[in-house]
Amino acid sequence: MKDIIIIGGGAAGMMAGIMLAEKGYSPTIIEKNDKLGRKLFITGKGRCNLTNDCDTEELLKNVVTNSKFLYSAFYGFDSNATMKFFEGLGLAIKTERGNRVFPTSDHSSDVISVMTTRLKRLGVEIRLNTETVHIDVLEKEDCKAVKGVKVKNNAGKEEYISCEDVVVATGGVSYPLTGSTGDGVKWAKELGLDVVEPKPALVPLEIEEVFCKDIMGLALKNVQVKFKAKVKNKEKTVYSDFGEMLFTHYGVSGPVILSASSYLGKYLGNDLRLYIDLKPAMTEEQLNDRLLRDFSQNINKQFRNSLGELLPKKLIPVIIEMSGIDQYKKVNEITKEERISLIKVLKSMELKVTGLRDFNEAIITQGGVSVKEVNPQNMQAKKIKGLRFIGEVLDVDALTGGFNLQIAWSTAAALE
């Protein structure tokens with residue numbers, strides 16, 4: 001009989017294998033891909049943002065869904081523990097802007113390599129190209145308990161593995177080409193556990209305005225964004241932030257947009273609007289003074305040729321159209337009312353949000369196995385003895401910056 005079966009060889013699964021082996025167990029990792037860490041390889045644009053070098057309270061503040069559930073796991077294995085762990089494996093790390101921690105080499109492959117090496121030295125069995133088909137649970141009078149798992153190799157040959165403990169580390173549904181296809185959530189449903197329907201998070205937004213395609217690739221730094229929606233027939237600010245964003249052929253993306261997306265799903269269909277303050281460092285009065293100065297230096301030019309010092313070239317035609325001012329009008333003919341209209345656009349450029357991009361573009365999954373079904377102390381399912389869930393398969397998610405990988409490390413470290 002195998003000691004413990006770990007389903008999934010991603011971040012959480014590899015960490016679970018190491019942690020359990022170091023505690024004296026004999027885990028076996030079942031991975032359907034031909035190598036470990038397929039999704040980890042592309043994390044952080046291939047650089048692997050391991051964690052965020054902050055205290056535990058800050059970690060919890062950056063969790064979007066069910067932060068209280070992670071209280072015990074984060075305090076048991078925080079970001080400092082993560083950094084020491086990887087340094088102990090021989091991985092050189094560095095801290096960058098926003099306290100984001102990366103391998104010094106900037107190669108996620110180095111993270112996978114040191115973890116794989118450790119797993120092999122600990123004697124952890126790794127079965128690649130092997131898909132878990134079913135988790136078998138024994139029905140007892142007073143409770144349910146894990147009995148075994150059925151697996152299938154690439155050739156289609158099935159095998160039954162008896163075991164009393166299974167750790168589900170299958171990830172979410174985002175980036176399905178890496179193998180994250182929602183298997184863990186499907187099994188949880190089959191076993192009678194409550195799940196929160198998965199949806200994409202940390203994902204770009206689709207915008208109604210067609211001009212986004214014309215300015216795709218344009219990055220805006222140091223902008224203020226506000227999202228407003230109709231809540232009980234009243235317009236309400238549902239999210240605001242400051243940072244960098246990017247226009248795409250379908251809408252908007254970039255760090256500040258991805259973070260916002262984790263909060264916006266429930267407001268889709270509620271006349272959700274994005275308002276961009278292109279000049280947040282200036283008040284309307286200061287911006288008016290700036291425009292007067294720029295106009296005085298371009299007094300005989302057409303309006304369309306007067307904004308080059310204020311805005312990126314790509315954005316100028318869009319702002320002119322939104323302002324309602326004739327682009328061919330001479331600067332010295334622009335009225336005070338028209339200037340006020342321009343200022344309103346610059347301080348509150350309005351776009352209509354029509355949707356989120358799909359799981360193929362989502363960094364993480366929101367939703368998963370309900371945390372009400374799992375003991376936060378050791379990740380054990382409350383209704384089924386020997387069954388545990390860790391990482392992204394759980395209904396927990398966080399913002400960008402290394403926080404989601406910290407969830408993987410901490411929940412894996414909490415296993416007993």
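Residue indices begin from 1 for each chain and proceed along its sequence in written order. Restriction of local features to residues with pLDDT of at least 70 applies here, the model being predicted, together with a cutoff of 80 or more for giving and counting side-chain atom pairs; totals for whole chains, interfaces and linings are based on all residues. Excluding hydrogens and water, the side-chain figures rest on all heavy atoms present in the structure.

## Quick word on the pairing of strand 14 (residues 219-231)
Both strand 14 and strand 15 (residues 234-247) contribute to a ladder of 11 bridges, which runs antiparallel. The residue of strand 15 that forms the bridge with valine 231 is lysine 234. Remark: 2 residues form the turn of the hairpin made by strand 14 and strand 15, two consecutive strands paired antiparallel; lysine 232 in that turn has positive phi of roughly 55°. Following DSSP output, two strands are said to pair if at least two bridges run between them. By the criteria applied, helices consist of DSSP H or I runs no shorter than four residues and strands consist of E runs no shorter than two, each listed in order from the N terminus. Pairing of strand 14 with strand 17 (residues 273-277) involves 5 bridges; the strand directions are antiparallel. In the sheet register, glutamine 224 faces strand 17, and the bridge partner there is aspartate 277.

## As for the side chain of serine 79
You can see serine 79 is positioned in helix 5 (residues 79-88). Polar contacts, as counted here, are pairs of nitrogen or oxygen atoms within 3.5 Å of one another; within protein the pair requires one atom able to donate a hydrogen and one able to accept it, and residues that are adjacent in sequence qualify only if both atoms are side-chain atoms. One polar contact links the side chain of serine 79 to the main-chain carbonyl oxygen of cysteine 54, over a distance of 2.9 Å. Contact partners of serine 79, with chain neighbours within four places excluded, come to Thr51, Asn52, Asp53, Cys54, Leu59 and Gln406. The criterion used for residue contact is that any of the two residues' heavy atoms lie within 4.5 Å.

## Side note on the nonpolar core
Take the buried Ala, Val, Leu, Ile, Met, Phe, Trp, Tyr and Cys residues and link them wherever side-chain atoms come within 4.5 Å; each set so joined is a nonpolar core. Burial status follows relative accessibility: with a 1.4 Å probe on protein chains alone, a residue under 20% of its type maximum counts as buried, one over 50% as exposed, and anything between as partly exposed. Counting residues in each nonpolar core, the largest one holds 79 residues, and the members touching the most others are Phe86, Met115, Ile135, Val166, Leu387 and Phe389. Counting residues per element, this core draws most heavily on helix 1 (residues 11-22), at 9 residues. Non-local contacts of leucine 387, meaning those with residues more than four positions away in its chain, are made with Ile135, Val146, Val166, Val168, Leu191, Leu193, Met379, Gln380 and Ala381. The next biggest cluster of nonpolar side chains, apart from the first, holds 50 residues, and it includes Leu264, Leu310, Ile320 and Ala362.

## Digging into the environment of proline 255
Mapped onto the elements, proline 255 comes out in helix 9 (residues 255-264). As for proline 255 and proline 204, which are separated by 51 residues in sequence, their C-alpha atoms are 9.3 Å apart.

## Concerning the sheet that holds strand 5 (residues 93-96)
Taken in spatial order, the 3 strands make up an open sheet running 3-6-5, and their pairing is antiparallel. Since the sheet does not close on itself, it has two edges, and those belong to strand 3 (51-52) and strand 5, each with one partner. Where strand 5 and strand 6 (residues 100-103) come together, 4 bridges link them in antiparallel fashion. Bridging from a neighbouring strand, lysine 94 pairs with phenylalanine 102 of strand 6.

## A few points about helix 12 (residues 336-347)
Counting along an α-helix, one turn takes 3.6 residues, and residues three or four places apart therefore face a common direction. Multiplying 1.5 Å by the helix residue count minus one yields the expected span of that helix. Helix length check: helix 12 (12 residues) gives 16 Å between terminal C-alpha atoms against 16 Å at 1.5 Å per residue, within 8%. Burial in helix 12 covers these residues: Glu338, Arg339, Leu342, Ile343, Val345, Leu346 and Lys347. On its buried side, helix 12 packs onto strand 17, helix 10 (284-297), helix 11 (316-323) and strand 18 (349-356).

## Thoughts on the packing of aromatic side chains
Each pair of aromatic rings taken from Phe, Tyr and Trp, with Trp reduced to its six-membered ring, is defined by centres within 6.5 Å and is described as stacked if the planes are under 30 degrees apart, edge-to-face if over 60, and tilted in the remaining cases. If you walk through the whole model with that rule in mind, you get 6 aromatic pairs. Ring plane angle 85° and centroid distance 5.0 Å describe the contact between phenylalanine 85 and phenylalanine 86, whose orientation is recorded as edge-to-face. The pair formed by phenylalanine 85 and phenylalanine 86 is uniform in burial state, with each residue classed as buried. One aromatic cluster is present, built from ring pairs that chain together Phe85, Phe86 and Trp409. A cation sits over an aromatic face here: arginine 47 above phenylalanine 102, 3.9 Å from the ring centre. Over the aromatic face of tyrosine 275 sits the side chain of lysine 228, whose NZ or CZ is 5.3 Å from the ring centroid. Whether a charge lies above a ring is judged from NZ of Lys or CZ of Arg, which has to be within 6 Å of the ring centre and within 35 degrees of the ring normal.

## Focus: helix 7 (residues 183-190)
Listing the buried residues of helix 7 in full gives Asp183, Gly184, Val185, Trp187 and Ala188. In this structure, the buried side of helix 7 is in contact with strand 1 (4-7), strand 8 (130-139), strand 11 (166-168), strand 12 (195-201), strand 19 (364-369) and strand 21 (387-389). Looking one or two residues beyond helix 7, the residue adopting positive phi is glycine 192, at roughly 85°.

## Observations regarding the pattern of salt bridges
We count a salt bridge whenever a side-chain nitrogen from Lys or Arg sits within 4 Å of a carboxyl oxygen from Asp or Glu. Tallying each qualifying case throughout the model produces 22 salt bridges. Among the salt bridges present, the one from lysine 39 reaches glutamate 392, with a minimum N-O distance of 2.9 Å. Taken together, the positions of lysine 39 in helix 2 (residues 38-42) and glutamate 392 in the loop between strand 21 and strand 22 (397-398) put the pair 353 residues apart, joining distant regions of the chain. One exposure class covers both lysine 39 and glutamate 392, and it is buried. With its nearest N and O atoms 3.3 Å apart, the salt bridge here joins lysine 383 to glutamate 373. Of the two residues, lysine 383 sits in the loop between strand 19 and strand 20 (384-385) while glutamate 373 sits in the loop between strand 19 and strand 20, which places them 10 residues apart along the sequence. Put simply, Arg47, Lys94, Glu96 and Asp106 are held in one network by salt bridges that share partners.

## Quick notes on the pairing of strand 18
Sheet topology note: the strand 13 (residues 205-207)/strand 18 ladder contains 3 bridges and is antiparallel. In the sheet register, glutamate 206 faces strand 18, and the bridge partner there is glycine 355. As paired strands, strand 17 and strand 18 are joined by 4 bridges and run antiparallel to one another. Bridge pairing in strand 18 links arginine 273 to lysine 352.

## A few points about the environment of glutamate 131
Position of glutamate 131 among the secondary structure elements: in strand 8. Separated by 250 residues in sequence, glutamate 131 and alanine 381 have C-alpha atoms that sit 22 Å apart. Once residues within four sequence positions are removed from consideration, glutamate 131 is found in contact with Lys32, Lys150, Val151 and Lys152.

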